[in-house]
Amino acid sequence: MPKVYGLGDPLAHFKVYIANRPQFKNLPHTDVVHPVTQGEIYAIGQACGNGWRKVFNVYAKLVFALNSPKFMDVTKYKCWQDYRDQCLLQQNSNTALLFSPPILNQSQAQDIHIIMGKTYANSLSLFQPINQLDNDFAIDVDQNLIVCPYFDYRQLSNLKIIRLVELITKLKAYNSKQG
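Rules used throughout
- Residues numbered from 1 in each chain as written.
- Predicted model: local features only at pLDDT ≥ 70, side-chain atom pairs only at ≥ 80, totals over all residues.
- Heavy atoms only, no water.
- Helix = DSSP H or I, 4+ residues; strand = E, 2+ residues; numbered from the N terminus.
- Buried < 20%, exposed > 50% of the residue type's maximum accessible area, 1.4 Å probe, protein only.
- Polar contact = N/O pair within 3.5 Å; in protein donor to acceptor, adjacent residues only side chain to side chain.
- Contact = heavy atoms within 4.5 Å.
- Pairing = 2+ DSSP bridges.
- Axes fitted to C-alpha atoms, helices over the stretch in contact; angles between N-to-C directions.
- Disulfide = S-S within 2.5 Å.
- Core = buried A, V, L, I, M, F, W, Y, C linked by side-chain atoms within 4.5 Å.
- Expected span 1.5 Å × (residues − 1).

Peer 1: Before we go on, may I ask you to explain the side chain of Lys15 in this structure?
Peer 2: Mapped onto the fold, Lys15 is located in strand 2 (residues 14-17). In this structure Lys15 comes out as buried when scored by relative accessible area, which is 18%. Polar side-chain contacts of Lys15 include one of 3.2 Å to the side chain of Asp111. Excluding residues that lie within four positions of it along the chain, Lys15 makes contacts with Ala96, Leu98, Asp111, Ile112, His113 and Ile114.

Take a look at the structure:
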């Protein structure tokens, strides 16, 4: 059986998939989801470069923009930077950044899967065709799956983050009606 590994809450329902992993000395090379501790995101960004800082920043901006009390309640944080530094990818954050491909047939109904980048998504063996909405986004409502641009300021701009939030919200609404 394939293993799931990455950074974040091992019990997360908000799962983002990325094709690469940071080459960070303290990052365990295991087949588990490893919660980060406060300061670890900053340390990874410092050691691994601006690209990883962008990934973490865009992830935090996305969750902060999503701000759904029933799903991702971030109301206790003043800004996305506070959320990133105090909660993102930590134990009980409900967020994960996974370096392994999605295992959709083992997914729970409340899981949201976001694949970062069309190139990575095309390299995966997904179970069924994904509805390509436009040049940037694709969705599979039955699998709770969205393909979006890579988490970079140019590729997933603030405007596209808003669009992604709308898609996640629609996906959650669709699945709550199905359940």
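Peer 1: Would you mind going over the sheet that holds strand 3 (residues 33-34) with me for this structure?
Peer 2: Sheets are built from strands that pair by backbone hydrogen bonding, the pairs being arranged parallel or antiparallel. On the basis of which strands lie adjacent, the open sheet formed by 8 strands has the order 3-1-4-2-5-8-7-6 and mixed pairing. In this open sheet, the two strands that pair with only one neighbour each are strand 3 and strand 6 (131-132). Docked against the sheet, helix 2 (residues 50-66) engages strand 1 (6-8), strand 2, strand 4 (95-98) and strand 5 (112-116), running at close to 145° with respect to strand 4.

Peer 1: Would you mind going over the state of the cysteines with me for this structure?
Peer 2: By definition, a disulfide is the covalent link that joins the sulfur atoms of two cysteine residues. Enumeration according to the criterion identifies 0 disulfides in this entry. Lacking any disulfide linkage, Cys79 is separated from the closest cysteine sulfur, that of Cys87, by 13 Å. Accessibility expressed as a relative area gives 24% for Cys79, which makes it partly exposed. Its sulfur unpaired, Cys148 is 20 Å from the next cysteine sulfur, which belongs to Cys87.

Peer 1: Would you explain the nonpolar core in this entry?
Peer 2: If you look at soluble globular proteins, the nonpolar side chains tend to sit buried side by side. Among the nonpolar cores identified, the biggest contains 43 residues, and Phe14, Tyr59, Leu62, Tyr83, Leu89, Leu97 and Phe151 are the most heavily contacted of them. Where this core is concerned, the elements lending two or more residues are strand 2, helix 1 (40-48), helix 2, helix 3 (80-86), strand 5, strand 8 (145-148) and helix 5 (158-178). Among the elements that take part in this core, helix 2 stands out by supplying 9 residues, more than any other. Apart from residues no more than four positions distant in its own chain, Phe151 is found in contact with Val16, Lys54, Val55, Val58, Tyr59, Leu62, Met116 and Leu156. One finds Ala96, Leu104, Ile115 and Leu145 within the second-largest nonpolar core, a separate group that totals 13 residues.

Peer 1: Sorry, what's going on with helix 2 here?
Peer 2: The periodicity of an α-helix, 3.6 residues per turn, causes residues three or four places apart in sequence to face the same way. Taking 1.5 Å per residue, 17 residues should reach 24 Å; helix 2 reaches 24 Å between its end C-alpha atoms and fits that length. Taken across its 17 residues, helix 2 has 12 buried, putting it largely inside the fold. Along helix 2, the residues that are buried comprise Trp52, Lys54, Val55, Phe56, Asn57, Val58, Tyr59, Ala60, Lys61, Leu62, Val63 and Leu66.

Peer 1: Help me understand the environment of Val55, please; the structure alone is not making it clear to me.
Peer 2: For Val55, the location among the structural elements is in helix 2. Along the sequence, Val55 and Leu156 sit 101 residues apart, while their C-alpha atoms lie 10.0 Å from each other. The residues contacting Val55, other than those within four sequence positions of it, are Ile18, Leu97, Met116, Tyr150 and Phe151.

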